[in-house]
Every structure is written in C-alpha cells, then in structure tokens.
Amino acid sequence: MLKGSDAVAIIAQTSNPVYSLIVRPEIKSFADLKGKIIGLSTPGDTITLSTLRLLAHKGIKASDFQAKAVVGTGARFDCLKSGECVAVPMGQPEDLGAIKQGYPRLGFTYEAGADLIFNVDMTRRAWGEKNKEPLVRLVRGFAASYEYMNDPKNHGDVTNTVKESLKVSDEIAREIFAPYLEADKNVLPKRGELNLKAFNQVLQLMGESGVVPTPVPAAERFIDLRYLQAAGVQ
C-alpha cells in the first residue's frame, strides 16, 4: 500500500476487521498464551495488527509469545489443530465451524477498538483521472449497497444472501451478520465513506510494528476523496 502510493489511490472504504481469536481447548484465558506460539498473518496485515492490539489490550505483549506467520484462515486453523499454534485469528464462517469442533473463541479483534480499516477500494491515479464519471457511478453503487445493508427492513434479505452465497445454515448466517448490525462495531461504513482517523490508526500500528518507517505519513497521502465527494458520500 505504501510503496504504491504514487500509482494508486484509495477511493472508498469497504469494512473494518471482524476476526475471532480461536484457541485450543486447553487455553482458558489470555494469560495462558504466554510462552506459546500464536499463528498470525503476515507482518503489517490488518489481521495481524488488530490481533496484536487485542492481545496488548488483554495484557499480552509481543515479547510474551512467539508469532508464526500463517497466511489464510484455513492454514491457521490447520496450525491450531496440529497443536503447533495455540491461538489463531479466524474469519467467518470458519471461526464458527472451529467453535463447533471444540475450539473456543477467546475474543473478537474489535474488543480492542473498532477504529481500524480492513478493506478498501483503490484505483490507479492516472486511470481514475481519465475515468472519473465511471468511478463516481461505482462509488454511488457502493453507497446504495451499504444503505441497503444498513437498513433494518432489509436485514432478512441480507441474511438470506449470506446464507445462499456461503451455503450455510440460517443460524450461521445470522451469526455472521450479527456484528454488522451493531453500530458501535463500525464494521460497515454507512455509505462507503472513508474514515481518515481509522486509516491513520492503521498507519500508526504499522509504524509501531516496524512494517513502515516512522514517522508514518498521514492518510491523506494515499487517499483521493474526489470520487466520494462527487458522489455526495464524503
């Protein structure tokens, strides 16, 4: 993301991270993680950053455990099942499947704060400047989609879409969608708007983790608000 700042620009926000910290059955508390191996994603990945922040929030410092880079929810679950890892962050619906197999959830990443950005949409700057109208229409489409999902009267339809697209039960679909309905979790933007404070928080965490040089640049270096503004979103 940082290396491509001159080539690309972030134009809309998609979601904030919702990951479960799934542990082996013998792990009963965060204190039990000390001295153990925790499977994370790559350094600088928002999954890793949000998990590290959750651990710190619960009193577990980076020096208290050994981190192992394991890319992909499925691969991290394999690490957990093998016993090599005692805890891993997992997304939905895989985390719910792990829980059903006897691996408890120790916490959600957003418990340490729902002020991060996980997914964004971006474009090459030169292409965007030549194709402003299509991008503005795209952003308006995002806005309409988020408004639809955030409207309580449509929650049944959205849950059915989750069920059909992931081929899961009604119960699992409701569990997956539940955090998206809680305003304080900030999982979905209202209309695709970019939260500059949350973006700066991610950059700060990347700097603290040594992934990017410090002092870290401001979010405005990577963001181009003209498309959101033209669409009446930002």
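Everything numeric in this text was worked out from a predicted model, so none of it was measured.

## A few points about the state of the cysteines
The tally for this structure, following the rule as stated, stands at 1 disulfide. Two residues, C79 and C85, share a disulfide whose sulfurs are 1.9 Å apart. Given an S-S torsion of about 70°, the disulfide between C79 and C85 has right-handed geometry. Each of the two residues, C79 as well as C85, counts as buried.

## Focus: helix 8 (residues 196-208)
One turn of the α-helix equals 3.6 residues, which is why residues spaced by three or four share an orientation. Taking 1.5 Å per residue as the helical rise, helix 8 with its 13 residues ought to reach 18 Å, and the 18 Å between its terminal C-alpha atoms agrees with that figure. Among all positions in helix 8, only A198, F199, V202, L203, L205, M206 and G207 are buried. The N-capping residue of helix 8, defined by a side-chain oxygen 3.1 Å from the backbone nitrogen of K197, is N195. G210 occupies a position one or two residues after helix 8 and carries a positive phi of about 80°.

## Some thoughts on the packing of helix 5 (residues 132-150) against helix 6 (residues 155-166)
Orientation of helix 5 relative to helix 6, taken along the N-to-C sense of each, is 105°, at an axis distance of 7 Å. Considered as vectors, helix 5 and helix 6 are oriented roughly perpendicular to each other. Residues Y148, M149 and N150 of helix 5 lie in contact with helix 6, whose contacting residues are H155, D157 and V158. Along the lines of polarity and charge, the residues of the contact of helix 5 with helix 6 split into 3 nonpolar, 2 polar and 1 charged.

The rules behind these values
Residues numbered from 1 in each chain as written. Predicted model: local features only at pLDDT ≥ 70, side-chain atom pairs only at ≥ 80, totals over all residues. Heavy atoms only, no water. Disulfide = S-S within 2.5 Å. Buried < 20%, exposed > 50% of the residue type's maximum accessible area, 1.4 Å probe, protein only. Helix = DSSP H or I, 4+ residues; strand = E, 2+ residues; numbered from the N terminus. Expected span 1.5 Å × (residues − 1). Polar contact = N/O pair within 3.5 Å; in protein donor to acceptor, adjacent residues only side chain to side chain. Axes fitted to C-alpha atoms, helices over the stretch in contact; angles between N-to-C directions. Parallel < 35°, antiparallel > 145°, perpendicular 65-115°, else oblique. Contact = heavy atoms within 4.5 Å. Nonpolar A, V, L, I, M, F, W, Y, C, P; charged D, E, K, R; others polar.

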